[in-house]
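# Report on the structure
Here's the letter readout for the chains.
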Amino acid sequence: MSRFFTQGDSSSESSSDEEELYSDQEGEEQSEEESSEKEETSEEESSSSDDEGGKRGASKFLKEAGSSDESEDEDKVTIVKSAKDKRLEELEGVVRVIENAIKINDWSSISAEFDKLNRQVEKIKDKTPKQYIKTISDLEEFMNEAIAKQKVSIKKMNATNARGLNAMKQKIKRNNKDHMTEIEKYREDKFEYLLSEEEEEVEPVPKAKKLKVSYSEGLDVGDEGDFLTVGRGGKTLQYTPESILKYLRSIVESRGKKNTDRAEQIRVMEKLLEVADSPYREIRVLLTIISTRFDLTTGSTATYMSQENWKSAEHEFARLLEAIEENRNMIVVENAEEWEDDEKPPQPGPGEILKIPGSIVSVVERLDDELTRSLQHIDPHTAEYIERLKDEQALYNDILRALLYVENLKKDSKLELSDDGTNRIVMRRLEHVYFKPAQIVHTLEENAWKAIPPKLDSDITPRAQNLNVDTLVQTLSTYLFKHSADIIRARAYLCQVYYFALHDQYYKARDMLLMSHLQETIGNFPINTQILFNRTLVQVGLCAFRANLVYESQNTLQEICGSGRQKELLAQGVMIQRYSQVTPEQERLERQRQLPFHMHINLELLECVYLTCSMLLEIPLLAQTGSSPDVKKRVISKTYRRLLEFHERQIFTGPPENIRDHVMQASRALAAGEWKRSAELINSIKIWDLMAESERIKAMLSAQIQEEGLRTYLFTYAPFYDTLAVSTLASMFELSERKVAAIVSKMISHEELAAALDQVNSAIIFRKGVELSRLQSLALGLSDKASGLIEANERTLEQRTQGMTNAFERQGGTGGRGGRGGRGRGGGQRGDRGGSRTRGGQQFGGGALGGAIKA
């Protein structure tokens, strides 16, 4: 017996306590035996035996203790969990670990737990848990924020964390592709998305009951005529012509608000469009549904409008144009007042014009922008890009038809419409034309006019005139010169210059570009216009090359190709430098400005043309400066010189593999006099096949290399000849004697060659003693630099003292320190240093003020 029980007040209490304990033990044993037979009855008997034991006189303390034990036993209910619930709990545990790691920015732990999370999801065979969708969506957003912060922050991550971040970047990119639909649903409305999951979980599983099935005679199961659409709150939705304006007002008022289901709104408006019974209601529904389709990409994470949505918007816009063309008494303008009465639509009287608020021009521009944005994001090397590009014809038809409608509105002087809308549509039409070859533009125009009803015609470009493409571009540009403002006028001018350069009209394009003086003010224009200017400049340079104008081509391409930023300047790629301070917002804007692939200028061809022109100019110049030290060293292309020096430093040079290797090896061969080898290397570049008339281009390059090879030879070996026969040069370079004589005469007239041409004997007589020696040229260079340094010092001194350096200089034999027994530095016996310098050397007179004081 326990010591505690022996300290009671009476033996009866202790005995009763013992009985209580024994009775409890017997009750437990009895309950255990009976539980094996029947659990429910055992629980009732054990509880009754306990109650009887409590009535036998156990102490209050033991009663309370016994009752608490019983309550604890009752609370400990064994919970049986399904395998699915256990896996969901494990999943939540992993999610909590990831959330904790996110708080401390521990990417190595996040990476490890992310793999564990995916393994847990694979075990769940049902649909993907919404908790998992929430986690991977939040992880992606947090990762993008971390990458953006890392780009702009000075403090870098440690190596382990950086490796984890890079690993997660790849994992999330691969993983989230499979769940993009669910992720977009979650991001559209996070609260509703997770709330729907809770409702699904809370919903009790009904017990299977046998239902009495009764069939009524004449009931058609497939008949849906009795079914009604039910909206939120269980209210029945009925779409009638009278309720159209009311629905449209509620949809317009909900624009921009959170938790707005735009897809549902579009479905509602499609049904309203079916029941529209008047042109006014149809036009109102079409205007609203088009703008709502554009809103689908405005607030979501989608970067561009889907092809299905775009085509739906385009068809609805075409239907809108048909409706307003058929009903001339209704017009869509921006400054119209909203109709307030939703019950009764307006009824225009005879001769009265009803103005409907909206903008045809804005819809056209948005369709164009969305098509461009989709082409920016689609891989250009896939069939999807070609399929998407086919929609450009439908867009061009809409642009032309909208232009005809706006022109028709302009004829009505009562409307007082500005030229801005017409200018914007004409500019869009020109931007779809200027960069295409004439054959493609002709087909585009022909198909567009076929799709437009014959009764419609244009005043700017009439259908009957059947304009050729050159005249079309000229007409559109001239219209914009007369009616538009600075930016649109400049863009139209550049588009016309680009078109002329593309079609080998070099002199016309060059003269127009020089007369515009845009190169002086282009820095003040928006970035898109600067990009167009760069593209035009490059196209003019390529046109000069095709016209066999090597110097003009190199000079035009120097600014773009010499910078090494061709991709960025032509908007054909984003060059992210390693240590650049570019914010994510700037990078996003830069990507938005990129041109679609079908508008690109071939950068490899551009580089090949630039390096070839630089070679034809630089190699003779290098030979001239090498043989004549007195000639000032000048550099035409620093980029080419740097590549040539790098190539010459290489010990072993293998066969050429790319464009640069071909040009560099051709340059070395040309400098050594091997013009045939140089021409062979240049003509073997395969990129020339991309140019029109590639055989003519190769023949032109071979002729240029022959001429520059002759010039290089004369510059290099002129000091070693007294006379040289023209026939010898003609046989060496396979040129006619007439051509050789012309080249030599040109070199003599430009004072590049110290020689005379003996036309009687057909020989070149070189003059000796004209060239300076190496020492003489170095001495001349030193004297030039010294005189330049003195002039620079004097200018600097005069600027700092403002012309008063020697204004108050003391005259005479006493200097600043003179007087002490003739030993002062100012004494006249020692060079008169303190006085004025009157003999020899250069002297600064103190400017205008000093001269006046001296006088």
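Residues numbered from 1 in each chain as written. Predicted model: local features only at pLDDT ≥ 70, side-chain atom pairs only at ≥ 80, totals over all residues. Heavy atoms only, no water.

### With respect to the packing of helix H7 (residues 130-152) against helix H9 (residues 180-188)
- Running from amino to carboxyl end, H7 crosses H9 at an angle of 80°, the nearest separation of the two axes being 10 Å. Here H7 lies roughly perpendicular to H9, going by the angle between them. Across the interface between the two elements, Ile133, Lys134, Ile136, Ser137, Asp138, Glu140 and Glu141 from H7 touch Glu182, Ile183, Tyr186 and Arg187 from H9.
- Grouping the constituent residues of the contact of H7 with H9 by class yields four nonpolar, one polar and six charged. (Axes fitted to C-alpha atoms, helices over the stretch in contact; angles between N-to-C directions. Helix = DSSP H or I, 4+ residues; strand = E, 2+ residues; numbered from the N terminus. Parallel < 35°, antiparallel > 145°, perpendicular 65-115°, else oblique. Contact = heavy atoms within 4.5 Å. Nonpolar A, V, L, I, M, F, W, Y, C, P; charged D, E, K, R; others polar.)

### With respect to helix H22 (residues 506-516)
- When we look at burial in H22, the residues that qualify are Tyr506, Ala509, Met512 and Leu513. Axial view of H22: buried residues confined to an arc of 140°, hence all on one face.
- As for H22, its buried residues are in contact with helix H21 (486-502), helix H23 (518-521), helix H24 (527-546) and helix H25 (550-561).
- His517, located one to two residues past H22, shows a positive phi value of around 55°. (Buried < 20%, exposed > 50% of the residue type's maximum accessible area, 1.4 Å probe, protein only. Arc of directions from axis to C-beta.)

### A look at the pairing of strand E4 (residues 354-357)
- Judged by which residues are buried, E4 turns out to be one-sided: Leu354 and Ile356 face inward and are buried, whereas Lys355 and Pro357, on the alternate face, are not.
- Note: strand E3 (residues 330-333) against E4, four bridges, orientation parallel. Residue pairing across strands places Ile331 opposite Lys355, the latter belonging to E4. (Pairing = 2+ DSSP bridges.)

### Quick look at empty space enclosed by the protein
- On inspection of all chains with the given rule, the structure shows two cavities of 30 Å³ or more.
- Of the pockets and cavities examined, the largest cavity occupies roughly 40 Å³.
- Forming the boundary of the largest cavity are Leu670, Ala671, Ala672, Gly673, Gly709, Thr712, Tyr713, Thr716 and Tyr717.
- At five residues, the largest contribution of residues to the lining of the largest cavity is made by helix H32 (residues 694-717).
- Each residue belonging to the lining of the largest cavity can be placed in one class, and the counts come to five nonpolar, four polar and no charged. (1 Å grid on protein atoms, 1.4 Å probe; cavity = no way out; pocket = protein on both sides within 12 Å on 5 of 7 lines; lining within 4 Å. Points joined across faces, edges and corners; volume = space filled by probe spheres on them.)

### Thoughts on the confidence of the model for the chain
- Of the residues in the chain, 76% reach a pLDDT of 70 or more, and the chain-wide mean stands at 78.
- Throughout residues 198-227 the model reports pLDDT below 50, and contacts reaching past four residues in sequence, or to other chains, amount to two contacts.
- Within the model, pLDDT remains below 50 along residues 807-855, and this stretch shows 50 contacts once partners closer than five positions in the same chain are excluded. (pLDDT = per-residue confidence, 0-100.)

### Comments concerning the nonpolar core
- Core analysis: the largest hydrophobic core is formed by 164 residues, its most contacted members being Phe317, Met615 and Trp688.
- Considering every element that reaches this core, the biggest residue donor is helix H28 (residues 603-627), with 12 residues.
- When neighbours within four sequence positions are excluded, Met615 is seen to be in contact with Pro620, Tyr640, Val663, Ala666, Ser667, Leu670, Ser678, Ile682 and Ile705.
- With 23 residues, the next largest nonpolar core counts Val95, Trp107, Ile124 and Tyr193 among its residues. (Core = buried A, V, L, I, M, F, W, Y, C linked by side-chain atoms within 4.5 Å.)

### Points about the packing of helix H18 (residues 420-431) against helix H20 (residues 469-483)
- Taken N-terminus to C-terminus, the directions of H18 and H20 make an angle of 150°; their axes are 10 Å apart at the nearest point. Looking at the two axes, H18 sits roughly antiparallel to H20. Taken as a pair, H18 and H20 cross one another with a handedness that is left-handed. Across the interface between the two elements, Thr422, Asn423, Val426, Met427, Arg429 and Leu430 from H18 touch Leu472, Val473, Leu476, Ser477, Tyr479, Leu480 and His483 from H20.
- Of the residues contributing to the contact of H18 with H20, the split by class is eight nonpolar, four polar and one charged. (Left-handed = near helix turned anticlockwise from the far one by under 90°.)

### Structural notes on H24
- The end-to-end C-alpha separation of H24 is 29 Å, in line with the 28 Å expected for 20 residues at 1.5 Å each.
- For H24, the tally of buried residues reaches 17 of 20 residues, placing the bulk of the element in the interior.
- Positioned one or two residues after H24, Asn548 has a phi angle of 65°, which is positive. (Expected span 1.5 Å × (residues − 1).)

### Quick notes on the sheet that holds strand E6 (residues 755-758)
- Within the open sheet, the three strands sit side by side as E5-E7-E6. Their pairing is antiparallel. At either margin of the open sheet sits one strand with a lone partner, and together these are strand E5 (723-725) and E6. Direction aside, the axes of adjacent strands within the sheet are offset by 20° on average.
- Two strands pair when backbone bridges link them, and E6 and strand E7 (residues 763-766) are joined in this way by four bridges, in the antiparallel orientation. By the bridge assignment for E7, Leu757 is matched with Ile764.

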